[in-house]
Amino acid sequence: MGQVGVSRTEERQLSRDDVYDILSNQRRRYALHAIKQENERAELSDLAEQVAAWENDKCIQEITSTERHRVYTSMQQTHLPTLERAGVITHDNGTVTLTDTADSLDVYLDIVPGDSIPWAEYYLGLAAVSLALVVAVWVGVFPSSIPSLVWPSVITSLFLVSAAYHVKETRRLQLGAADKPPELLE
């Protein structure tokens, strides 16, 4: 068990299998999101209430004692021990604290909303459009009265705006960044 007075511990390297195991369970993802929202430290009772509310699509005041107890028990007996063995949290006297190792989970959580395309495909398409624009300029499709510096500026601006939006969306969809877990934001 970890110490309550320690806010973050030294980061340990997680294997890919460990990461997939940790993130394969919705309740653990919800718990990690809730802990991050609470400045990386939460009481188990509060954590169980919030996770039960998200799981049942209710506000905290509407969850029943049965719903709360079911989550509390599974968190205490299964999910927190799994996260603690992986070095992602410390758990002591009902207080759950994230470790630095939890940061390494973020890279595996590239949430793509259902009405969106993956960023890799978006950038591939943007590169294809840029290449088509360069070829069109090279073969003289556009009037020569347009300054030659306009085209690289247009392409650079497209990539700059796209990358800025990508960064904004990625931060918004990280665990702990919004009121609800990323998978509930759709």
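Residue indices follow the written sequence of each chain, beginning from 1 at its first position. The predicted origin of the model limits local features to residues at a pLDDT of at least 70 and limits the giving and counting of side-chain atom pairs to 80 or more, whereas totals for whole chains, interfaces and linings rest on all residues. The side-chain quantities take in all heavy atoms of the structure and omit both hydrogens and water.

For the rest of this paragraph, the subject is the overall build of the chain. Looking only at helices and strands, the chain features six helices and three strands. Under the scheme used here, helices are H or I runs from DSSP no shorter than 4 residues and strands are E runs no shorter than 2 residues, and both carry numbers assigned from the N terminus. In the chain, the succession of helices and strands from N to C terminus is α-α-β-α-α-β-β-α-α. In this scheme, a residue with accessible area under 20% of its type's maximum is buried, one over 50% is exposed, and one in between is partly exposed, where area comes from a 1.4 Å probe on protein chains only. Considering the chain as a whole, with its 186 residues, one finds that 34% of them fall into the buried category. For the chain, restricting intrachain contacts to residue pairs at least 6 apart in sequence, the fraction spanning at least 24 positions comes to 65%. Carbon and sulfur atoms provide 54% of the accessible area of the chain, an area that totals close to 11,100 Å². Note on contacts: a residue pair is in contact if any heavy atoms of the two residues lie within 4.5 Å. Using a 1.4 Å probe, accessible areas were evaluated by the Shrake-Rupley method; residue-level cover was limited to the displayed protein chains.

Glancing now at the pattern of salt bridges. One side chain can pair with another of opposite charge once the charged atoms of both are near each other. A carboxyl oxygen of Asp or Glu within 4 Å of a side-chain nitrogen of Lys or Arg is what we treat as a salt bridge. Taken as a whole, this structure holds four salt bridges when the rule is applied. The partner of Glu49 in a salt bridge is Arg68, with the nearest N and O atoms 3.2 Å apart. You can see Glu49 sitting in helix H3 (residues 44-55) and its partner Arg68 sitting in helix H4 (residues 65-85), a full 19 residues away along the chain. Glu49 sits in the partly exposed class, given a relative accessible area of 22%. The salt bridge involving Lys58 is made with Glu67; its shortest N-O contact spans 3.0 Å. The buried category is assigned to Glu67, whose relative accessible area is 11%.

Below, the discussion takes up the pairing of strand S2 (residues 89-92). Two strands pair when backbone bridges link them, and S2 and strand S3 (residues 95-98) are joined in this way by four bridges, in the antiparallel orientation. Looking at S3, one finds that Asp92 is bridged to Thr95. In this scheme, strands are said to pair when DSSP sees at least two bridges between them. In sequence, S2 turns back onto S3 through a hairpin of two residues, with Asn93 there showing a positive phi of about 50 degrees.

Let us now look at the nonpolar core. What we call a nonpolar core is a set of buried Ala, Val, Leu, Ile, Met, Phe, Trp, Tyr and Cys residues that are connected through their side-chain atoms within 4.5 Å. One finds Ile22, Leu32, Leu47, Leu80, Val88, Ile89 and Leu105 to be the most contacted residues of the largest nonpolar core, which totals 30 residues. Broken down by secondary-structure element, the contributors of at least two residues to this core are helix H1 (16-23), helix H2 (26-37), H3, H4 and S3. Considering each element in turn, this core owes the most residues, seven residues, to H3. Beyond its immediate stretch of four places on either side in the chain, Ile22 contacts Leu14, Arg28, Leu32, Leu83, Ala86, Val88 and Leu105.

A few words now on the packing of aromatic side chains. The pairing test for Phe, Tyr and Trp rings, Trp by its six-membered ring, is centres within 6.5 Å, and the orientation test on the planes gives stacked under 30 degrees, edge-to-face over 60, and tilted for anything in between. Inspection of every chain in the model, using the stated rule, returns four aromatic pairs. Judged by centre distance (5.4 Å) and plane angle (80 degrees), the ring pair of Tyr122 and Tyr123 falls under edge-to-face. Site record: aromatic cluster; members linked through ring pairs are Tyr122, Tyr123 and Phe159.

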